[in-house]
Amino acid sequence: LFPEFIIAYVKPGLINEYIAMISSTVGMITVVYFVTYKPIQGMYEGFAGIIANLLTLLILTAIYKMMKRD
């Protein structure tokens, strides 16, 4: 939840609770996947989780803004 917390603190109202929940879940699933299967040797699983979390957050926020505009 760290990226969502920082974004909500800096820009309130930019993301909603559903986007935050989905992106956090994707980040946690990525961490579990990296711990279990180790697809990239030497990569820290927390870093992979944060990257997945941020990518999901950016994509879902862009989709939400496009849908809200119409």
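Residues numbered from 1 in each chain as written. Predicted model: local features only at pLDDT ≥ 70, side-chain atom pairs only at ≥ 80, totals over all residues. Heavy atoms only, no water.

A. Just the packing of helix α1 (residues 2-10) against helix α3 (residues 45-69), in detail. One way to put it is that α1 packs onto α3 with a least axis distance of 9 Å and a crossing angle of 45°. The orientation of α1 relative to α3 falls into the category oblique. Residues Pro-3, Glu-4 and Ile-7 of α1 touch α3, and the partners they reach there are Ile-50, Asn-53, Leu-54 and Leu-57. Each residue belonging to the contact of α1 with α3 can be placed in one class, and the counts come to 5 nonpolar, 1 polar and 1 charged. (Axes fitted to C-alpha atoms, helices over the stretch in contact; angles between N-to-C directions. Helix = DSSP H or I, 4+ residues; strand = E, 2+ residues; numbered from the N terminus. Parallel < 35°, antiparallel > 145°, perpendicular 65-115°, else oblique. Contact = heavy atoms within 4.5 Å. Nonpolar A, V, L, I, M, F, W, Y, C, P; charged D, E, K, R; others polar.)

B. Broad picture of unusual backbone geometry. Of note, the phi angle at Lys-38 is positive, near 45°, even though the residue is not glycine. With respect to the secondary-structure elements, Lys-38 resides in the loop between α2 (17-37) and α3.

C. Representation of a positive patch on the surface within the structure. Taken together, the side chains of Lys-11, Lys-65, Lys-68 and Arg-69 make up a positively charged region of the molecular surface. Mapped onto the elements of the fold, Lys-68 is located in helix α3. Residue classification places Lys-68 among the exposed residues on the basis of a relative accessible area of 61%. (Patch = residues over 30% accessible without salt bridge, like charges linked within 9 Å, V, L, I, M, F, W, Y side chains within 5 Å. Areas by Shrake-Rupley, 256 points an atom, 1.4 Å probe, with all protein chains shown as cover. Salt bridge = Lys/Arg side-chain N within 4 Å of Asp/Glu carboxyl O. Lys, Arg positive; Asp, Glu negative; His and termini not counted. Charge placed at Lys NZ, Arg CZ, Asp CG, Glu CD. Buried < 20%, exposed > 50% of the residue type's maximum accessible area, 1.4 Å probe, protein only.)

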